[in-house]
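Architecture at a glance
Letter by letter, the chains look like this.
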Amino acid sequence: MKTIEKLNSFWESNRKVLTIVIASALAVLFAGSILLAVFVGGEFKPAEVEQTVKGRLIINEATYRTSYISGESFVFNKEDAKIRLMAKDPDKTEIVKIDEMEESDYGFLVNGEGELYADADSVIMDTNMEFISVASREYPSLTCDIPVKVRSGSSINFTDSLTLEAEDAYIYRLQKGGYELIAEEDKSKLPSADKPFLSSAGEDAKTGNDIKDLSGGACVRSLGDLDVKIEFEIACTEETEANLEILICKRPQAKNFGDSFGLYLNGKAITELDKVSVPARSTGEPDYFTSYALTAISIKLAKGVNVITFENKKNNPGNLDAVRVTADSVSIGAFGA
C-alpha cells in the first residue's frame, strides 16, 4: 500500500515532466515503425533488374509468299515448316531447345507487334505491312522476320495479254548503299543530259523515223557499262503459266542476249535466252533503235506480285524496248494501268 502511495505521490509531483517523456517516447516508437515499414516493404530497396528471355527463333525450312496484292491473306505453310527455338528463360535452370516447333507453338505478328495470329490466313495483307514476324507463343519477343511487298490492287485491269514498256519500268542504279530507284523525272536527265535513259528525252531525243519500230515510241538507252537494273512488275490473280517475249533493239553487230543482260523472275535466274542472238541491224534501219522480238519462252507466274528483272552486264547492251506477257486466262495486270 505504501508503495502505491509513493508512486502516486511521485506521479503527482512530476506529472508535467513524465507526460513529456512518455509522449516523446511514443513519438519515437511511431516514427521507427514507419521507417521499418518503408524499408522492409521495399520502397527504398534497390530496383530489381528485369529478367528477360534471350534466344533465337530460326526458320530452317518453310514455304511462304513475300509479294501480295492488298486484301490477300498471308501464305505460310505450317505443315512443312521446320522452325527451331533456343531460349534462355530466367525462370528455368536449363536452356530451352526445340529443334522443330509444333504448329501450335508459334504464330504471326504484323510488323513485329500487336496481335499474335495463330493462322497465316488470318493475316490480311495491306500496303502498310513491311514484314511478318514468325513468333513464339511462349516467348513472343523471339521472332524471325519475313519481309513482304504489298501493292494496292485498286487500279489494276486484269487481262490475258500485257505489253509493258521499258520507259515505264523501274530503273535502279547501284550506289554505295545498294541499288537506288531513279525517280521518274530523272529518267529524262540521267546519266547525261544529251542521252538520258529515256530515248524520247534529252538533247538527242529520238523522234520520227528513228522510233517507227519501237513499241510505245521509246526505249531505255545509255546503259553502257553502268551498274543498273530494270524491273517490270506484273500482278497475277492466280499461279499460272505464261509466255514471255522480250523486245530489244539491234546494234551494228550481233550479240547474244546473255552477253547484254542477266534475266530474273522473282529473283530466280532465267537462262533459256542466254545464247539467243540479237541480230545486227540491216542497212537502212535506224541505228540502235530497231526493235527485235526474241523467241518467246514459258514462265511460271506466282499469285500476287511478280518481278521481271534485267541486270545490265555492263557490256554495251542493246536498248531495251518492252516485254510482252501472255497468259491462258484473264489473270494478269499492270499496276497503274
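To start, this report covers the structure provided alongside it. Model, not experiment: these values are computed from the prediction.

Rules and cut-offs
- Residues numbered from 1 in each chain as written.
- Predicted model: local features only at pLDDT ≥ 70, side-chain atom pairs only at ≥ 80, totals over all residues.
- Heavy atoms only, no water.
- Salt bridge = Lys/Arg side-chain N within 4 Å of Asp/Glu carboxyl O.
- Helix = DSSP H or I, 4+ residues; strand = E, 2+ residues; numbered from the N terminus.
- Buried < 20%, exposed > 50% of the residue type's maximum accessible area, 1.4 Å probe, protein only.
- Contact = heavy atoms within 4.5 Å.
- Phe/Tyr/Trp six-rings, centres within 6.5 Å; stacked < 30°, edge-to-face > 60°.
- Lys NZ or Arg CZ within 6 Å of the ring centre and 35° of its normal.

1. Re the pattern of salt bridges
- This model, assessed by the stated rule, comprises 17 salt bridges.
- Across the pair arginine 151 and glutamate 233 runs a salt bridge whose closest N-O atoms are separated by 2.0 Å. Of this pair, arginine 151 sits in strand 9 (residues 149-151) while glutamate 233 sits in strand 13 (residues 228-236), and the two are 82 residues apart along the sequence.
- Judged by relative accessible area, which is 8%, glutamate 233 ranks as buried.
- Aspartate 204 serves as the salt-bridge partner of arginine 221, at 3.9 Å between the closest nitrogen and oxygen. Of this pair, arginine 221 sits in the loop between strand 12 (178-181) and strand 13 while aspartate 204 sits in the loop between strand 12 and strand 13, and the two are 17 residues apart along the sequence.
- Relative accessible area serves as the criterion here: at 4%, arginine 221 is assigned to the buried category.
- Taking the relative accessible area as the measure of exposure, aspartate 204 reaches 24% and is therefore partly exposed.
- It is possible to trace a salt-bridge network through shared partners that takes in Arg65, Glu72 and Lys303.

2. Let's talk about the environment of glutamate 233
- Along the chain, glutamate 233 and asparagine 266 lie 33 residues apart, while their C-alpha atoms are 9.7 Å from each other.
- The residues contacting glutamate 233, other than those within four sequence positions of it, are Lys149, Arg151, Leu164, Tyr170, Val305, Asn306, Val307 and Phe335.

3. Brief notes about the packing of aromatic side chains
- The tally for this structure, following the rule as stated, stands at 11 aromatic pairs.
- When the centroid spacing of 5.9 Å and the interplanar angle of 5 degrees are considered together, the rings of tyrosine 64 and phenylalanine 76 count as stacked. Here tyrosine 64 is found in strand 1 (residues 54-64), whereas its partner phenylalanine 76 is found in strand 3 (residues 76-88), with 12 residues between them in sequence.
- An angle of 35 degrees between the planes, with centres 5.9 Å apart, marks the rings of phenylalanine 257 and phenylalanine 261 as tilted.
- Since its relative accessible area comes to 1%, phenylalanine 261 is described here as buried.
- Members of the aromatic cluster, joined through ring pairs, are Tyr64, Tyr68, Phe74, Phe76, Tyr106 and Phe108.
- A cation over a ring is seen here: lysine 78 above tyrosine 106, with NZ or CZ 4.5 Å from the ring centre.
- The positively charged end of arginine 151 is found above the aromatic ring belonging to phenylalanine 335, 4.1 Å away from the centroid.

4. Quick look at the environment of isoleucine 146
- Position of isoleucine 146 among the secondary structure elements: in strand 8 (residues 143-147).
- Taking relative accessible area as the criterion, isoleucine 146 reaches 2% and is therefore assigned buried.
- For the pair isoleucine 146 and arginine 65, spaced 81 residues apart in sequence, the C-alpha separation works out to 9.2 Å.
- Excluding its chain neighbours within four sequence positions, the residues that come into contact with isoleucine 146 are Ile59, Tyr64, Thr66, Phe74, Phe76, Glu130, Phe131, Ile132 and Val134.

No statement about biological role is implied by the geometric values presented.
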